[in-house]
Amino acid sequence: MRDRSNTCCFTGHRDISAISYHELMQRLEPMIMRLIKNGYKYFACGGALGFDTFAAMYIASLKMRGFDVKLVLILPCKDQTAKWSEYDKQVYSGMLSRADEVIYTAESYYNGCMQKRNRALVDASTVCICYLSNNNSSGTRQTVEYARSKGLPIINVAN
């Protein structure tokens, strides 16, 4: 049964082009394996492009390889992809089809729904894995700061 104690959330930048997928996988995989070994089963993603999608598809690949993990999507709204390219919408659809649980924090987009989703991710978790590569103000930075304020350990795979 999912509760905070066995749930990890992901947050990260949309642009992860500064690192190769192979290198990102090498950084992410040992962290995930350690969490699984310590009883984590649920991995929550926010469904954004970039790191969120990468992490979600990685968790889905672990499920296909026989690991006892669950992909939880905590999404900001049902029309999140309205302005996305057709390709990105197809990737998103594939991610949705692989999810074990989908939670929408709002029916449709409104100013602030992304922040509500970010807080819901943190509030559902006891560990936060992030891809935070810079010091500017961003949704990722705000989410990591919120996670820190809630006492969650932060694992940054960007460094």
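Now for a look at the structure at hand.

Definitions and limits used
- Residues numbered from 1 in each chain as written.
- Predicted model: local features only at pLDDT ≥ 70, side-chain atom pairs only at ≥ 80, totals over all residues.
- Heavy atoms only, no water.
- Pairing = 2+ DSSP bridges.
- Helix = DSSP H or I, 4+ residues; strand = E, 2+ residues; numbered from the N terminus.
- Axes fitted to C-alpha atoms, helices over the stretch in contact; angles between N-to-C directions.
- Contact = heavy atoms within 4.5 Å.
- Phe/Tyr/Trp six-rings, centres within 6.5 Å; stacked < 30°, edge-to-face > 60°.
- Buried < 20%, exposed > 50% of the residue type's maximum accessible area, 1.4 Å probe, protein only.
- Polar contact = N/O pair within 3.5 Å; in protein donor to acceptor, adjacent residues only side chain to side chain.
- Disulfide = S-S within 2.5 Å.
- Expected span 1.5 Å × (residues − 1).

Pairing is parallel across the open sheet formed by six strands, whose spatial order is β4-β3-β2-β1-β5-β6. In the strand order of this sheet, the two ends are held by β4 (101-104) and β6 (154-156), each with one partner. For this sheet, the mean inter-axis angle between neighbouring strands, taken without regard to orientation, is 20°. Note that strand β5 (residues 127-131) and β6 share three bridges and pair parallel. Counterpart to Ile129 in the pairing with β6 is Ile155. Helix α1 (residues 21-37) rests against β1 (7-12), β2 (42-45), β5 and β6 of the sheet, and its axis sits at about 175° to β5. Most of the contacts of helix α5 (residues 139-149) go to β1, to which it runs at about 150°, and overall it touches β1, β5 and β6.

Within the secondary structure layout, Asn111 lies in the loop between β4 and α4 (113-123). Each C-alpha atom of the pair Asn111 and Arg148 lies 24 Å from the other, and the pair is 37 residues apart in sequence.

Enumeration over the complete set of coordinates arrives at five aromatic pairs. Aromatic pair Phe10 and Phe51: ring centres 6.1 Å apart, planes at 70°, arrangement edge-to-face. In this pair, Phe10 sits in strand β1 while Phe51 sits in helix α2 (residues 51-64), placing the two residues 41 residues apart along the sequence. For Phe10, a relative accessible area of 0% corresponds to the buried category. Ring centres of Tyr21 and Phe54 lie 5.4 Å apart, and the angle between their planes is 25°; this geometry places the pair in the stacked category. Highlighted residues: Tyr21 in helix α1 and Phe54 in helix α2, separated in sequence by 33 residues. A relative accessible area of 55% places Tyr21 in the exposed class. Overall, the relative accessible area of 12% leaves Phe54 in the buried class.

Position of Ser138 relative to the elements: it lies in the loop between β5 and α5. For Ser138, a relative accessible area of 17% translates into the label buried. Within polar-contact distance, the side chain of Ser138 engages the backbone nitrogen of Arg141 at 3.1 Å.

Working definition: the covalent bond between the sulfur atoms of two cysteines is a disulfide. Counted according to the given criterion, the structure contains zero disulfides. Here Cys77 stays free of any disulfide, with the sulfur of Cys113 as its closest cysteine sulfur at 4.2 Å. The exposure class of Cys77 is buried, given its relative accessible area of 0%.

As a further point, take α2. With 14 residues, α2 extends 20 Å between its outermost C-alpha atoms, agreeing within 8% with the 20 Å of an ideal straight helix rising 1.5 Å per residue. Within α2, 10 of the 14 residues are buried, leaving the element largely enclosed by the surrounding structure. The complete set of buried residues in α2 reads Phe51, Asp52, Thr53, Phe54, Ala55, Ala56, Tyr58, Ile59, Ala60 and Leu62. Of the residues flanking the end of α2, it is Gly66, one or two places downstream, whose phi is positive at about 95°.

Right, let's talk about the side chain of Thr11 for a bit. Tracing the sequence through the fold places Thr11 in strand β1. With near-sequence residues (within four places) excluded, Thr11 lies in contact with Phe51, Asp52, Cys128, Ile129, Cys130, Tyr131, Thr140, Thr143 and Val144.

Everything listed is a geometric property; what it means functionally is a separate question.
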